[in-house]
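Remarks on the overall topology
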Amino acid sequence: MHAEPTAVLKILSDPTRRAIFERLSRDGEMTVRALTDPSGVSQPAISKHLGALKLAGLVRGRRDGRETYYSAEPKALAPLIDWIDFYSTFWNSRFDRLETLLKRMDQ
């Protein structure tokens, strides 16, 4: 399940959630304890942030005995990337039209 671009933006607008997602993306699978130790954020707070990231599909958990290992799901960024691509194309065409107009005005 993928969240809408607005939901992904809202979830990642929190600096702690963004840092968790970035760390999991960079360092791979980690436990809550491994995420908590260097962060300066409490374990319950990290767990709450992981829950929000899971709801948005940005993180998944895998149980192994008593531990849950979390990993980033970069594919969940697809709706946000699609949204950015759409507006990138939109603005690029607008800038091209503006450039054409300015060139005509210079003549």
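To keep things clear, this report deals only with the structure shown in the data block.

The rules behind the values
Residues numbered from 1 in each chain as written. Predicted model: local features only at pLDDT ≥ 70, side-chain atom pairs only at ≥ 80, totals over all residues. Heavy atoms only, no water. Pairing = 2+ DSSP bridges. Helix = DSSP H or I, 4+ residues; strand = E, 2+ residues; numbered from the N terminus. Contact = heavy atoms within 4.5 Å. Axes fitted to C-alpha atoms, helices over the stretch in contact; angles between N-to-C directions. Parallel < 35°, antiparallel > 145°, perpendicular 65-115°, else oblique. Buried < 20%, exposed > 50% of the residue type's maximum accessible area, 1.4 Å probe, protein only. Polar contact = N/O pair within 3.5 Å; in protein donor to acceptor, adjacent residues only side chain to side chain. Core = buried A, V, L, I, M, F, W, Y, C linked by side-chain atoms within 4.5 Å.

**Comments concerning the pairing of strand β2 (residues 59-64)**
Here six bridges tie β2 to strand β3 (residues 67-72), and the two strands are oriented antiparallel to one another. Looking across to β3, one finds that Arg 63 is bridged to Thr 68. With antiparallel pairing between neighbouring strands as the criterion, β2 and β3 make up a hairpin whose turn holds two residues, including Gly 65 at a positive phi of roughly 65 degrees.

**A word on the sheet that holds β2**
With antiparallel pairing, the three strands of this open sheet are ordered in space as β1-β3-β2. The strands lining the two open edges of the sheet, one partner per strand, are β1 (30-31) and β2. Pairing of β1 with β3 involves two bridges; the strand directions are antiparallel. What sits directly across from Thr 31, in β3, is Tyr 69. Strand contacts of helix α4 (residues 43-55): β2 and β3, with the helix running at about 115 degrees to β2, the strand carrying the most contacts.

**Details of the packing of helix α1 (residues 5-12) against helix α5 (residues 78-106)**
In contact at an axis separation of 8 Å, α1 and α5 are set at 110 degrees when each is read in the N-to-C sense. Classed by the angle they form, the pair α1 and α5 counts as roughly perpendicular. On α5, the residues that touch Pro 5, Val 8 and Leu 9 of α1 are Pro 79, Leu 80 and Trp 83.

**Things to note about the side chain of Thr 31**
Summarising the element assignment, Thr 31 is placed in strand β1. Owing to a relative accessible area of 12%, Thr 31 belongs among the buried residues under this scheme. From its side chain, Thr 31 meets the backbone nitrogen of Ala 34 in a polar contact 3.1 Å long. Setting aside chain neighbours within four positions, we find Thr 31 in contact with Glu 67, Thr 68 and Tyr 69.

**Some details on the nonpolar core**
Burial of nonpolar side chains together is a common tendency in soluble globular proteins. Of all hydrophobic cores here, the largest spans 21 residues; its most connected members are Phe 21, Leu 24, Leu 50, Leu 53 and Leu 58. Of all the secondary-structure elements, those providing two or more residues to this core are α1, α2 (15-27), α3 (32-36), α4 and β3. Among the elements that take part in this core, α4 stands out by supplying four residues, more than any other. Discounting chain neighbours no more than four positions away, the residues touching Leu 58 are Val 8, Ile 11, Leu 12, Phe 21, Leu 53, Ser 71, Ala 72, Glu 73, Ala 76 and Leu 77.

**Some thoughts on the environment of Leu 77**
Summarising the element assignment, Leu 77 is placed in the loop between β3 and α5. Along the primary structure Leu 77 and Val 8 are separated by 69 residues, whereas in three dimensions their C-alpha atoms are 7.2 Å apart. Once you skip the residues sitting within four places of it in the chain, Leu 77 turns out to touch Val 8, Leu 12, Phe 21 and Leu 58.

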